[in-house]
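Each chain is listed here by its residues.
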Amino acid sequence: SQELEQSPQSLIVQEGKNLTINCTSSKTLYGLYWYKQKYGEGLIFLMMLQKGGEEKSHEKITAKLDEKKQQSSLHITASQPSHAGIYLCGADRSSNTGKLIFGQGTTLQVKP
Amino acid sequence: SAVISQKPSRDICQRGTSLTIQCQVDSQVTMMFWYRQQPGQSLTLIATANQGSEATYESGFVIDKFPISRPNLTFSTLTVSNMSPEDSSIYLCSGRPVNEAFFGQGTRLTVV
């Protein structure tokens, strides 16, 4: 079955630094979703990518999907303590089931 | 976007009892799903909540343990039956408008 690998598993950065989280699949992704989760809470939708080469930005967060649609990255510029949390990538298992599989998550700490 | 509300947000339950979690979406969505997030783990799909018919369960999940209802396009319930400490998890419902996937804030369940 298709799996998503996220890296790194955890990350500690100094406030103001940039960082990148990666999400890789061995198979073509139909849709790629990025979420942020605070400990013990629900998922906050960040961005969704569908097309190869697509890039989206919101505030200081940019997500990209490669041309082959097998790898996505989430980049945070000038990190702030409010960016701390768990970042999860999710992907559509197929083009029409609506079911998502998830990576194992990346825990981000931002030191003031 | 869709706003998804879950109730209760958390509960502590005695083993052997059952808990019903409610999920309300503020707009009609084509698909609704229930996920489980065990401590320190990523999300695992439990089942697809089908409107007006029986839910479709993923491997490892059965209707007797996790009965699901979906009477209309905006509401669903998940019951965790005959609970054991192994059921302690965060349970999340997801609603999917076209090309999007939103999640509720989760129900944090502790079984003692």
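See above for the structure.
Residues numbered from 1 in each chain as written. Chains lettered and ligands numbered in written order. Predicted model: local features only at pLDDT ≥ 70, side-chain atom pairs only at ≥ 80, totals over all residues. Heavy atoms only, no water.

Some details on the sheet that holds strand S3 (residues 19-25) of chain A
Residue and element names in this part refer to chain A.
Moving on, step 1. Taken in spatial order, the 5 strands line up as S1-S3-S8-S7-S6 in an open sheet, and their pairing is antiparallel. Across the chains shown, the open sheet's two edge strands, defined by having one partner strand only, are strand S1 (4-7) and strand S6 (55-58). Here the strands of the sheet are splayed against their neighbours by 15° on average, with no regard to which way each runs.
Moving on, step 2. Sheet topology note: the S3/strand S8 (residues 71-76) ladder contains 6 bridges and is antiparallel. Paired with Thr20 across the strands is His75, a residue of S8. (Pairing = 2+ DSSP bridges. Helix = DSSP H or I, 4+ residues; strand = E, 2+ residues; numbered from the N terminus. Axes fitted to C-alpha atoms, helices over the stretch in contact; angles between N-to-C directions.)

Concerning the sheet that holds strand S7 (residues 68-72) of chain B
Residues and elements named next belong to chain B.
Moving on, step 1. Taking strand neighbours across the sheet as the criterion, the 4 strands line up as S1-S3-S8-S7 in an open arrangement whose pairing is antiparallel. For this open sheet the edge positions go to strand S1 (4-7) and S7, each flanked by a neighbour on one side alone. Taken pair by pair, the neighbouring strands of this sheet meet at an average axis angle of 15°, ignoring direction.
Moving on, step 2. As paired strands, S1 and strand S3 (residues 19-25) are joined by 4 bridges and run antiparallel to one another. The residue of S3 that forms the bridge with Ser5 is Gln24.

Describing the interface of chain B and chain A
Moving on, step 1. Facing 21 residues of chain B, the contacting portion of chain A comprises 22 residues.
Moving on, step 2. Here chain B meets chain A over a buried area of about 1,600 Å², counting both sides, of which 51% is carbon and sulfur.
Moving on, step 3. Inspection of the chain B/chain A interface yields 2 salt bridges.
Moving on, step 4. Two residues, B:Glu58 and A:Lys99, come together in a salt bridge whose shortest N-O distance is 2.8 Å.
Moving on, step 5. In this assembly, chain B and chain A are joined by 10 residue pairs in polar contact (both at pLDDT 80 or more).
Moving on, step 6. Secondary structure elements with two or more residues in the side of chain B that touches chain A: strand S4 (31-37), strand S5 (43-49), strand S9 (89-96) and strand S10 (102-103) of chain B.
Moving on, step 7. Ranked by the residues each element gives to the side of chain B that touches chain A, the list is headed by S4(B), at 4 residues. (Contact = heavy atoms within 4.5 Å. Buried area = accessible area lost by both parts, 1.4 Å probe. Salt bridge = Lys/Arg side-chain N within 4 Å of Asp/Glu carboxyl O. Polar contact = N/O pair within 3.5 Å; in protein donor to acceptor, adjacent residues only side chain to side chain.)

Concerning the pairing of S5(B)
Residue and element names in this part refer to chain B.
Moving on, step 1. Burial within S5 is extensive, with 6 of its 7 residues counted as buried.
Moving on, step 2. Linking S4 to S5, which pair antiparallel, is a turn of 5 residues; within it Gly40 sits at a positive phi near 75°.
Moving on, step 3. Relative to strand S6 (residues 56-57), S5 is paired through 2 bridges, and the arrangement is antiparallel. The residue bridging Thr48 from the neighbouring strand is Thr56, located in S6.
Moving on, step 4. Remark: 6 residues form the turn of the hairpin made by S5 and S6, two consecutive strands paired antiparallel; Gly52 in that turn has positive phi of roughly 80°. (Buried < 20%, exposed > 50% of the residue type's maximum accessible area, 1.4 Å probe, protein only.)

A short note on the pattern of salt bridges
Moving on, step 1. Counted by the stated rule, this structure contains 5 salt bridges over all chains.
Moving on, step 2. Across the pair A:Asp92 and B:Arg96 runs a salt bridge, and its minimum N-O distance is 2.6 Å. Here the residue A:Asp92 occupies a position in strand S9 (residues 85-92), and B:Arg96 occupies one in strand S9, the pair thus bridging two chains. B:Arg96 carries the same exposure label as A:Asp92, and that label is buried.
Moving on, step 3. Residue B:Lys65 pairs with B:Asp87 through a salt bridge whose shortest N-O separation is 2.6 Å. Of this pair, B:Lys65 sits in the loop between S6 and S7 while B:Asp87 sits in the loop between strand S8 (75-80) and S9, placing them 22 residues apart in sequence.
Moving on, step 4. Accessibility expressed as a relative area gives 5% for B:Asp87, which makes it buried.

Brief notes about the packing of aromatic side chains
Moving on, step 1. Tallied over the entire structure, the rule returns 10 aromatic pairs over all chains.
Moving on, step 2. Taking the centre distance of 6.4 Å and the plane angle of 15° together, the rings of A:Tyr33 and A:Tyr35 count as stacked.
Moving on, step 3. Taking 5.9 Å as the distance between ring centres and 70° as the angle between the ring planes, the aromatic pair formed by A:Phe102 and B:Phe103 counts as edge-to-face. In this pair, A:Phe102 is assigned in strand S10 (residues 100-102) and B:Phe103 in strand S10, connecting two distinct chains.
Moving on, step 4. The class of A:Phe102 is buried, set by a relative accessible area of 10%.
Moving on, step 5. Through successive ring pairs, a cluster of aromatic residues spans A:Tyr33, A:Tyr35, A:Phe45, A:Phe102, B:Tyr35, B:Phe102 and B:Phe103. (Phe/Tyr/Trp six-rings, centres within 6.5 Å; stacked < 30°, edge-to-face > 60°.)

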